[in-house]
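Working through the structure, step by step
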Amino acid sequence: MFAATADVVAIGHTGGEPYALRALLAEYGADVRLLPVGSPRHLADVLNGTLSRADHLVLCCHGDERGILLDELAPEIAAEQPFNDVLTPGIAAELGRLDKPVVLSTGCMTGSDAMARGFLDAGCSAYIAPQGYPDGTAAVAFAAAFYYRTLALGTPLTGAVAAARALGGDTDLFRLWH
């Protein structure tokens, strides 16, 4: 029996992060799928429940003060998308129809109050993301420690986040909203 279901969403070029987290989540007892995002439509379909109904949604991405960054598309493809370039808090709230998953974003600056509100308004039960620019290794370390605590040990979310933040370095940039 699986501890939970988890979808690791690979948004843009994030190196080996999605693959490492997919393997770790499986080791911790989750039924895991890797969902590569090739266009904003794919991400919209993850957020509106067409492609994901998992208990945990891990967004491996890059971000800035505007939101989650997406790859640039050819103009003819971009014209057919529900949005382009950036998933903003407003777009997340508008397009999202999440069924109470815990959402963890590894992207820089995706831990704003506005982005958290956008995801909570979209239906997630909790949103976890960094308030700043963590080193990429810190994002993976945070996620690994958080999921070890919550999936393998059954630690409640607040305790799992606190333990992962305590690792040191930039892991303390991550924050929980629920």
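For the structure, check the block above.
Source: prediction; values computed, not measured.

1. As for helix α1 (residues 17-27)
- Taken as a whole, α1 has its buried residues at Glu 17, Pro 18, Leu 21 and Leu 25. All buried residues of α1 project into a common sector of 90° when viewed along the axis, lining one side. Relative to its buried face, α1 has exposed residues pointing more than 90 degrees away, namely Tyr 19 and Glu 27.
- Lining the buried residues of α1 we find β1 (4-11), β2 (30-37), β3 (56-60) and α6 (136-152).

2. Structural notes on the pairing of β1
- Buried residues dominate β1, accounting for seven of its eight residues.
- In the classification by handedness, the crossover that spans β1, the intervening α1 and the parallel β2 is right-handed.
- Two elements, β1 and β3, share five bridges in a ladder whose sense is parallel. In the strand pairing of β3, Asp 7 is matched with Leu 57.

3. Brief notes about the side chain of His 56
- With respect to the helices and strands, His 56 occurs in strand β3.
- Since its relative accessible area comes to 7%, His 56 is described here as buried.
- His 56 has contacts with Ala 4, Thr 5, Ala 6, Asp 7, Pro 101, Val 102, Tyr 147 and Leu 151, leaving out every residue within four places of it along the chain.

4. So, the packing of aromatic side chains
- Tallied over the entire structure, the rule returns six aromatic pairs.
- Consider the rings of Phe 119 and Tyr 127, whose centres lie 4.9 Å apart with planes at 15°: the pair is stacked.
- Exposure remark for Tyr 127: the relative accessible area of 0% places this residue in the buried category.

5. Points about the sheet that holds strand β5 (residues 67-69)
- In space, the three strands of this open sheet follow the order β4-β5-β6, with antiparallel pairing throughout. Both edges of this open sheet fall to β4 (62-64) and β6 (86-87), since each of them pairs with a single strand only.

6. Looking at empty space enclosed by the protein
- Applying the stated criterion across every chain yields a total of two cavities of 30 Å³ or more.
- Roughly 60 Å³ of volume is contained in the largest cavity.
- Along its surface, the largest cavity is lined by Ile 11, Gly 12, Val 37, Gly 38, Ser 39, Pro 40, Leu 70, Asp 71 and Leu 73.
- Considered class by class, the residues forming the lining of the largest cavity number five nonpolar, three polar and one charged.
- As a volume, the second largest cavity reaches approximately 40 Å³.
- Lining the second largest cavity are Val 46, Gly 49, Ser 52, Arg 53, Ala 54, Arg 97, Leu 98, Asp 99 and Pro 101.
- When grouped by side-chain class, the residues that make up the lining of the second largest cavity number four nonpolar, two polar and three charged.

7. Observations concerning the pairing of strand β8 (residues 126-130)
- Extensive coverage of β8 is indicated by the burial of five of its five residues.
- Alignment of strand β7 (residues 102-105) against β8, held across three bridges, turns out to be parallel. Along β8, the bridge assignment pairs Leu 104 with Ile 128.

8. Concerning the side chain of Asp 64
- Within the secondary structure, Asp 64 sits in strand β4.
- Ignoring any residue separated from it by four or fewer positions in sequence, one finds Asp 64 in contact with Leu 69, Cys 108, Met 109 and Tyr 133.

Conventions and cut-offs
Residues numbered from 1 in each chain as written. Predicted model: local features only at pLDDT ≥ 70, side-chain atom pairs only at ≥ 80, totals over all residues. Heavy atoms only, no water. Buried < 20%, exposed > 50% of the residue type's maximum accessible area, 1.4 Å probe, protein only. Helix = DSSP H or I, 4+ residues; strand = E, 2+ residues; numbered from the N terminus. Arc of directions from axis to C-beta. Contact = heavy atoms within 4.5 Å. Right-handed = clockwise from strand over helix to strand, strands pointing away. Pairing = 2+ DSSP bridges. Phe/Tyr/Trp six-rings, centres within 6.5 Å; stacked < 30°, edge-to-face > 60°. 1 Å grid on protein atoms, 1.4 Å probe; cavity = no way out; pocket = protein on both sides within 12 Å on 5 of 7 lines; lining within 4 Å. Points joined across faces, edges and corners; volume = space filled by probe spheres on them. Nonpolar A, V, L, I, M, F, W, Y, C, P; charged D, E, K, R; others polar.

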